[in-house]
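Next come the chains, spelled out residue by residue.
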Amino acid sequence: MNIKIVKSSHKNKDQKWAIVYDCSEKNYRKRIKTGLYLSEKYFTNNEINIEEYSAKDISLKITLEKIRQKKDESLLKYEQNKWGYLDLEKFLEKGINIYSVEDYVKNILSESKNKITLNDYLNVVKVYKKYLSKNTLNFKQLLDVNTILLFKLNTQKGGLKSTSINSYLKKMGVIMNHAYKDGFVTEKFDYPKFLVEKREVKNKEINFCKNELAKCINSCSEIHQIQSISIFLLLLACGGMYPSSLMNYKLLTSKEEYSVINSILLDKKYDYIRFRKSKKGSVYRYVKINFRIKKLINIVKTLFLISHAKKYPFILESYSNENKIFDMDIYDESKIYKNIWNYFQRKLKEVSTVKFSDAKTIYFQYLSEIEMNRIVSDIMFGNINEKEVLALKNVTGYNEKIEKAEREVLNKIGVDEMTQIIINKLKLIGLDINNISFQNCKTPMEFSQLLEKINKYHKGL
């Protein structure tokens with residue numbers, strides 16, 4: 001018996017060749033697919049030639065080595081066990097475990113995903129393994145629609161919410177279609193659409209007013225509840241910022257050289273917070289650090305010094321950088337990042353019906369109530385592109401209108417009143433934030449003395 005590993009005679013619809021076992025002996029000839037498909041770049045003079053210039057190609061080399069081992073094993077068994085042709089074919093048709101889904105996510109998908117997304121995808125694989133009772137999950141299993149049907153059935157029996165099940169189905173679809181693009185599977189992953197329960201999508205509108213927020217602050221009974229409200233107010237005042245943006249926003253200082261676009265939109269007398277308008281978008285929003293925003297940053301940063309400086313000092317920005325709260329990579333420290341916001345979200349829920357993510361919706365609701373022309377509206381909502389900015393005339397006039405709109409929104413939110421109520425509430429529980437503010441520190445020694453002063457507030461935190 002002679003077995004060669006060769007490419008098929010024809011390309012598939014994706015312009016790839018199947019790699020096959022070419023078995024021959026006297027009057028016998030049979031070609032059996034290995035499950036591996038390769039594009040033109042992996043061949044030199046019709047011979048497979050995988051260059052190791054990326055992690056993906058290293059994995060393909062491992063896969064090819066497994067195929068070769070399978071060939072050698074089949075020849076050995078054929079001779080030792082005196083197999084017939086059907087025995088040989090049955091053994092080869094079982095194929096190999098080309099790459100587990102978990103290995104693919106860890107070794108390949110990780111190259112293009114941040115740590116938070118990567119851990120999310122690894123958790124998805126873990127959930128599938130749990131509810132399918134599998135130690136290893138491979139692509140072939142998931143391409144079988146019955147596997148997906150079984151997964152949903154078992155998750156429903158396990159009491160998972162329909163929203164969670166929908167999320168797991170969609171995220172596995174993302175993983176599998178990445179694998180398809182990378183050549184690890186030969187067909188797209190199409191789960192039956194009826195498995196995803198459709199929910200009626202309504203335009204979200206949140207009933208919110210500053211009087212309600214004042215009641216929430218006054219109902220707080222301990223420092224972490226007040227801290228959560230302070231965070232929410234800062235997110236709201238900063239144009240509906242996300243918690244992730246609060247932790248990694250870029251600070252544009254008045255001393256920096258602004259780009260042409262920034263110099264048109266921004267006032268050089270102020271520092272600005274810059275963050276992405278949406279989590280996956282490329283449009284940035286800018287928030288002027290006026291005295292109101294500065295005061296809120298001071299409160300939130302001081303409270304985080306009290307709650308986190310002892311255990312997690314490495315996540316906080318230096319006291320000398322007054323307009324920045326955190327100094328951490330939320331992707332490298334994803335576990336700490338999630339723990340912080342899950343905890344404070346729970347604390348916010350104890351005294352309020354809003355979530356941190358509602359800040360953006362509420363801010364835009366207030367913004368939509370303000371009378372503005374189209375250009376100012378686009379700038380405020382972050383809908384203007386660079387070409388339009390560069391084409392603006394009478395920049396001074398627009399800057400004045402933008403500042404007026406910013407003031408009106410902050411007045412509607414009631415930032416000044418809410419900030420003062422927070423300060424008063426902190427005093428009622430024994431914390432006069434004016435006496436322990438990091439802004440009073442001018443030297444490292446003074447900052448060390450401040451930390452010693454606030455140690456008494458760590459009890460029970």
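Residues numbered from 1 in each chain as written. Predicted model: local features only at pLDDT ≥ 70, side-chain atom pairs only at ≥ 80, totals over all residues. Heavy atoms only, no water.

Q: Would you mind going over the sheet that holds strand β1 (residues 2–11) in detail, with residue names and values included?
A: The strand order across the open sheet built from three strands is β1-β2-β3, with neighbouring strands paired in antiparallel fashion. Among the strands making up the open sheet, the edge pair consists of β1 and β3 (28–38). Neighbour-to-neighbour, the strand axes of this sheet turn through a mean angle of 30°, independent of strand direction. Across eight bridges, the pairing between strand β2 (residues 17–25) and β3 is antiparallel. (Pairing = 2+ DSSP bridges. Helix = DSSP H or I, 4+ residues; strand = E, 2+ residues; numbered from the N terminus. Axes fitted to C-alpha atoms, helices over the stretch in contact; angles between N-to-C directions.)

Q: Kindly report on the packing of helix α12 (residues 291–308) against helix α18 (residues 415–428), identifying the contributing residues and their values.
A: At their nearest, the axes of α12 and α18 sit 10 Å apart, and the two run at 30° to each other. Between α12 and α18, the interaxial angle falls into the category roughly parallel. α12 and α18 meet at a crossing whose hand is left-handed. Judged by residue contacts, Phe291, Arg292, Lys295, Leu296, Ile299 and Leu303 of α12 engage Val415, Asp416, Thr419, Gln420, Ile422, Ile423 and Leu426 from α18. The class makeup of the residues in the contact of α12 with α18 is eight nonpolar, two polar and three charged. (Parallel < 35°, antiparallel > 145°, perpendicular 65-115°, else oblique. Left-handed = near helix turned anticlockwise from the far one by under 90°. Contact = heavy atoms within 4.5 Å. Nonpolar A, V, L, I, M, F, W, Y, C, P; charged D, E, K, R; others polar.)

Q: Let's hear about the nonpolar core: which residues, and what values?
A: If you look at the biggest cluster of nonpolar residues, it comprises 84 residues, and the most contacted ones within it are Phe232, Leu246 and Ile273. Sorting elements by how many residues they give to this core places helix α9 (residues 223–237) first, with ten residues. When residues no more than four places from it in sequence are discounted, the contact partners of isoleucine 273 are Cys238, Met241, Tyr249, Lys250, Arg285, Tyr286, Val287, Ile289, Ile293 and Ile297. Membership of the second largest hydrophobic core comes to 32 residues, among which are Val105, Tyr121, Leu132 and Ile175. (Core = buried A, V, L, I, M, F, W, Y, C linked by side-chain atoms within 4.5 Å. Buried < 20%, exposed > 50% of the residue type's maximum accessible area, 1.4 Å probe, protein only.)

Q: Please set out the environment of phenylalanine 189 residue by residue, giving values where relevant.
A: Along the chain, the position of phenylalanine 189 falls in the loop between α7 (162–181) and α8 (210–218). Along the chain, phenylalanine 189 and glycine 173 lie 16 residues apart, while their C-alpha atoms are 6.1 Å from each other. When sequence neighbours within four positions are dropped, the list of residues in contact with phenylalanine 189 reads Leu142, Leu143, Ile148, Leu169, Met172, Gly173, Met176 and Asn177.

Q: Any chance you could break down the side chain of serine 74 for me, citing the residues and the numbers?
A: By the element assignment, serine 74 lies in helix α1 (residues 55–80). When sequence neighbours within four positions are dropped, the list of residues in contact with serine 74 reads Ile3, Trp83, Leu88, Phe91 and Leu92.

Q: Talk me through the sheet that holds strand β7 (residues 272–276); I want residue IDs and the actual numbers.
A: Taken together, three strands build an open sheet; the order of strands is β6-β7-β8 and the sheet is antiparallel. Both edges of this open sheet fall to β6 (250–252) and β8 (284–288), since each of them pairs with a single strand only. Adjacent strand axes in the sheet meet at a mean angle of 30° when their direction is disregarded. Judged from the three bridges that link them, β6 and β7 form a sheet pairing that is antiparallel. From the neighbouring strand, leucine 252 faces β7, where its bridge partner is tyrosine 272.

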